[in-house]
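Structural overview for review
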Amino acid sequence: MDQRGTGGNVRTVEGRTHGHVRCTPPAAAELFEIAVLDTTGDDGEARWHTIGWGVDRGHADSIAEAYVTRPLCPYDEAQVRQNGHLVNVHRRPA
């Protein structure tokens, strides 16, 4: 979805430009995605679920670590990705 904004033009698929800016700023590519492995499904299949975003790697790592070490229902594994690339894995302590 585009919204009106000041400054900058967005190029359409056809190559035209208009005075809109995207809702997701380019800086969103710098966010770190945090996903956890959910093994509690009824069908026995493990699935990855995105639980949030970190503004930098340290922030994302601390959130991921909290989800695998929390006392109540910790997840088995958490992954941190940036732009689809895996940058860190956290696992529940044995």
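Residues numbered from 1 in each chain as written. Predicted model: local features only at pLDDT ≥ 70, side-chain atom pairs only at ≥ 80, totals over all residues. Heavy atoms only, no water.

1. Describing the side chain of Asp61
In this structure, Asp61 sits in helix 1 (residues 57-69). Exposure remark for Asp61: the relative accessible area of 15% places this residue in the buried category. A distance of 3.1 Å separates polar atoms of two side chains, one belonging to Asp61 and the other to Asn88. Sequence-distant contacts of Asp61, that is, excluding residues within four places in its chain, are made with Val80, Asn88 and His90. (Helix = DSSP H or I, 4+ residues; strand = E, 2+ residues; numbered from the N terminus. Buried < 20%, exposed > 50% of the residue type's maximum accessible area, 1.4 Å probe, protein only. Polar contact = N/O pair within 3.5 Å; in protein donor to acceptor, adjacent residues only side chain to side chain. Contact = heavy atoms within 4.5 Å.)

2. A word on the packing of aromatic side chains
All chains considered together, the criterion is met by one aromatic pair. Where Tyr67 meets Tyr75, the ring centres are 6.1 Å apart and the plane angle is 40°; that geometry is what we call tilted. Tyr67 sits in the partly exposed class, given a relative accessible area of 26%. (Phe/Tyr/Trp six-rings, centres within 6.5 Å; stacked < 30°, edge-to-face > 60°.)

3. Digging into the nonpolar core
Counting nine residues, the largest nonpolar core is built from Phe32, Ile34, Val36, Ala60, Ala64, Val68, Tyr75, Ala78 and Val80. Those elements giving two or more residues to this core turn out to be strand 5 (32-38), helix 1 and strand 7 (77-82). (Core = buried A, V, L, I, M, F, W, Y, C linked by side-chain atoms within 4.5 Å.)

4. Brief notes about the pattern of salt bridges
Under the counting rule described, the total for this entry stands at four salt bridges. For Arg47, the salt bridge is made with Asp43, and the minimal N-O distance between the two is 3.0 Å. Its relative accessible area of 47% is what places Asp43 among the partly exposed residues. Residue Arg91 is joined to Glu77 by a salt bridge in which the shortest nitrogen-to-oxygen separation is 3.7 Å. (Salt bridge = Lys/Arg side-chain N within 4 Å of Asp/Glu carboxyl O.)

5. Notes on the sheet that holds strand 8 (residues 85-91)
Taking strand neighbours across the sheet as the criterion, the four strands line up as 6-5-7-8 in an open arrangement whose pairing is antiparallel. Each end of this open sheet is capped by a strand with a single partner; those strands are strand 6 (47-54) and strand 8. Pairwise comparison of adjacent strand axes, ignoring direction, gives a mean angle of 25° for this sheet. Alignment of strand 7 against strand 8, held across six bridges, turns out to be antiparallel. Residue pairing across strands places Glu77 opposite Arg91, the latter belonging to strand 8. Strands strand 5, strand 6, strand 7 and strand 8 of the sheet are contacted by helix 1, whose axis makes an angle of about 35° with strand 8. (Pairing = 2+ DSSP bridges. Axes fitted to C-alpha atoms, helices over the stretch in contact; angles between N-to-C directions.)

6. As for the confidence of the model for the protein chain
Looking at the protein chain, the pLDDT average stands at 80 and 70% of residues meet or exceed 70. For the stretch residues 1-11, pLDDT sits under 50, and the model shows 30 contacts to residues farther than four places along the chain or on other chains. (pLDDT = per-residue confidence, 0-100.)

7. Thoughts on helix 1
When the terminal C-alpha atoms of helix 1 are compared, their 18 Å separation across 13 residues agrees well with the 18 Å that a helix rising 1.5 Å per residue should span. Within helix 1 the residues assigned to the buried category are Ala60, Asp61, Ala64 and Val68. Burial along helix 1 is one-sided: seen end-on, the buried residues are contained in an arc of 100°. (Expected span 1.5 Å × (residues − 1). Arc of directions from axis to C-beta.)

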